[in-house]
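Observations on chain architecture
Listed below, chain by chain, are the residues.
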Amino acid sequence: MSALITRPNIADPDGFYARLLATHKGLSEGQSHALNARLVLILANHIGEAAALEAAMVLARDGA
Amino acid sequence: MPYDYRPFDYVPPAGLREAEPRHPVVIVGAGPVGLAMAIELANHGVRAVVVDDNNVVSVGSRAICWSKRSLEILDRLGVGQPCVEKGVIWQVGRTYHREAEVFNFDLLPEDGHKMPAFVNLQQYWVEAFLVARAVELGVDLRWKNRVTGVVQGADHVALSIETPDGTYALQADYVVACDGARSPLRGMLGLEFEGELFEERFLIADIEMEADFPSERRFWFEPGFHAGQSALLHKQPDNIYRIDLQLGWDTDPEVERQPERILPRIERVVGHRDFSLDWTSIYTFQCRRMRSFVQDRVIFAGDSAHVVSPFGARGGNSGLQDVDALGWRLAAVLRGEAPAAALMAYDCERVHGADENLMNSSRSTRFMSPGAGVERLFRDAVLHLAGRADFARPMVNSGRLSKPCTYPLEAPDHPALPQAARPGSVAPDAPQGDGWLIDALGGRFVLVAFGEAPELPGLPVLRPQPNAAVIKRWLGSEVTALYLVRPDQVIAARWVSASAEEVAAALLAAQEGRT
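Definitions and cut-offs
- Residues numbered from 1 in each chain as written.
- Chains lettered and ligands numbered in written order.
- Predicted model: local features only at pLDDT ≥ 70, side-chain atom pairs only at ≥ 80, totals over all residues.
- Heavy atoms only, no water.
- Helix = DSSP H or I, 4+ residues; strand = E, 2+ residues; numbered from the N terminus.
- Buried < 20%, exposed > 50% of the residue type's maximum accessible area, 1.4 Å probe, protein only.
- Areas by Shrake-Rupley, 256 points an atom, 1.4 Å probe, with all protein chains shown as cover.
- Lys, Arg positive; Asp, Glu negative; His and termini not counted.
- Charge placed at Lys NZ, Arg CZ, Asp CG, Glu CD.
- Salt bridge = Lys/Arg side-chain N within 4 Å of Asp/Glu carboxyl O.
- Contact = heavy atoms within 4.5 Å.
- Buried area = accessible area lost by both parts, 1.4 Å probe.
- Polar contact = N/O pair within 3.5 Å; in protein donor to acceptor, adjacent residues only side chain to side chain.
- Nonpolar A, V, L, I, M, F, W, Y, C, P; charged D, E, K, R; others polar.
- Domains from an automatic or database assignment.
- UniProt positions renumbered as here; feature names shortened; annotations may be inferred.

Glancing now at the overall build of chain A. Regarding its fold elements, chain A presents three helices and zero strands. Its helices and strands in sequence order give chain A the pattern α-α-α, from N to C terminus. With the principal axes as the frame, chain A shows a C-alpha extent of 40 × 25 × 25 Å. Split into buried and exposed, the 64 residues of chain A put 11% on the buried side. Approximately 5,200 Å² of chain A is accessible, and the part contributed by carbon and sulfur atoms is 61%. Of note, chain A has its 5 positive side-chain charges centred 8 Å away from the centre of its 6 negative side-chain charges.

Here it is, written out as structure tokens:
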């Protein structure tokens, strides 16, 4: 069982961030929320591990 | 053709003339659960009185999807064959988003079971078969007998009963309340449901038409014929189709139940007007249960104890599972063979079953009828992705159909034996020559043996033929096994080998409800 990776794991952080914004380009706020929801589901499935997903949800919820 | 409702005869009960002797059991409610309860008790040698405030079977189809486990129970009660012969057999469900199929399931992908995954059969047919069987067994059925009062005594329950000829009193050692979701008995005892009420309305309609829909469950999210809402279609016998249409919470039920509102809606579903309306109703979702199903000497079973939304076929089926878990125990208590405390095992097991049903039902309801905001956002995200990526398809939730739960027993287990046959599970069926293992188990405690079996007085030993299905479902990679199976065909304990003392201890624990 692999724990949630919280150390830097993306080779090109700036490039990824730019791609994320570009993916949303031209969408309304509602459409962006919908895209984000789909993205969460897609990435969650890719991760698959219940423990990693649980840790990710806890981290995301922290401070909300 | 529509069902031919024929009222059952009201006969003035003896209690109107003189006090009746105390009965072992009075069952309140002659729906599928109450009738099944009476037959199950009769099979265990207990003659029950059944009182019902009406004198006909269910008006409208109501519970229609009977699961494999329910069919096995109905079969043990003597009505399995007519139900399967009359019903529409199905096992595949298809879910659509707009026009595209986004998910399907096959509920019984393997052969070698006596009963199919599901049959669709209107509740009135099931009740009619059960009434005929109950009459055959000499069950004391009392139509037009309405309970108006209940008092719990130290060693009995006293009921006041109203008939067309006046009121009389009945006493019973135990009362089983099978009087439905709005249970008058629950109200009289001041007991309440706990849980969620969902703000959603559905229109339900039975229509009669000549059509060639396949024997499958079909569910649509946001279909073109019912914009923005959802719809469910089931095929029933006699050219009757069942349609459930989501209406939304802001609709007015009084307006929606008018035929001039219903007819165009149905027309959009089936594509023509060549049908007749047989029955309609409007319902809301509830996912609630009583805290405890055993209230001193009044025991609740079926909808009186727990209610769920209808999309998992978990209402009627869970009611029959209640009967399954209660009948043999109540009979044993009445015969003096088990302590009254054994009834608490019924409460524990069926509360567990109800909670599993409530959880599944609540999840389905949230998916079908999401709250505004994030619930809606993720629901729509799943539907959007389901047509594009396989992973999202199993998240599409149009109802997860009833399967018997595994009771949380603390009983001897051997983990190398197949997981599906672990203690607390319903014993898996398998072919046995021309017959079936489920029939051979019957309705008593039995020791199923592969290899050596200790001898215990009064405990019959069953030695199944070890064919491929039996080996897969009961032995796995082991060569010997012993299974103690309860009268409700639930596995009470299992070993690869055991002494007479070990088996006797497990038997006593199961009988006394200590597992």
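Here we come to the pattern of salt bridges. Opposite charge on two side chains allows them to pair when their charged atoms are near. Residues and elements named next belong to chain B. For the structure shown, the criterion picks out 39 salt bridges over all chains. The closest approach of N and O atoms between Arg98 and Glu222, which form a salt bridge, is 3.3 Å. Highlighted residues: Arg98 in the loop between strand S5 (92-97) and strand S6 (100-106) and Glu222 in the loop between strand S13 (217-221) and strand S14 (230-236), separated in sequence by 124 residues. Close ionic contact of Arg289 with Asp355 constitutes a salt bridge, the shortest N to O distance being 2.6 Å.

Attention shifts here to the interface of chain A and chain B. On the chain B side, the residues contacting the eight residues of chain A number eight residues. For the pair chain A and chain B, the summed buried surface comes to about 740 Å²; carbon and sulfur atoms form 88% of the total. Per-residue buried area on chain A facing chain B is highest for Ala37(A), Arg38(A) and Leu41(A); these three make up 63% of the total on that side. Remark: the boundary between chain A and chain B carries zero salt bridges. Where chain A touches chain B, the interface holds zero residue pairs in polar contact (both at pLDDT 80 or more). Across the side of chain A that touches chain B, the residue classes tally to five nonpolar, two polar and one charged.

A separate point is unusual backbone geometry. All names here are of chain B. A positive phi is found at Arg98, a non-glycine position, where the angle reads about 55°. On the basis of relative accessibility, which here comes to 46%, the residue Arg98 falls in the partly exposed class. The backbone of Ala313 shows a phi angle near 50°, a positive value even though the residue is not glycine. In this structure, Ala313 sits in the loop between strand S19 (306-307) and helix H8 (316-334).

All right, on to the domain arrangement of chain B then. Bring the parts together and some accessible area is lost; that lost area is often taken as the interface size. All names here are of chain B. Taken domain by domain, chain B consists of domain 1 (14-88 + 118-192 + 291-359) and domain 2 (419-511). Inter-centroid distance (C-alpha atoms) of domain 1 to domain 2 is 29 Å. Listed by partner, the interface residues are 13 residues for domain 1 and 13 residues for domain 2. At the surface where domain 1 touches domain 2, the tally comes to one salt bridge. The partner of Glu349 in a salt bridge is Arg486, with the nearest N and O atoms 2.8 Å apart. Counting across the interface, domain 1 meets domain 2 through five residue pairs in polar contact (both at pLDDT 80 or more). Secondary-structure elements contributing two or more residues to the side of domain 1 that touches domain 2 are helix H2 (68-77) and H8. In terms of residue count, H2 provides more of the side of domain 1 that touches domain 2 than any other element does, five residues in total. Its residues placed into classes, the side of domain 1 that touches domain 2 shows four nonpolar, one polar and eight charged.

Within this numbering scheme, the UniProt entry marks residues 24-359 of chain B as carrying the feature "domain: FAD-binding" (unreviewed entry). Secondary structure content for residues 24-359 of chain B is 30% helix and 34% strand, and the end C-alpha separation is 35 Å.

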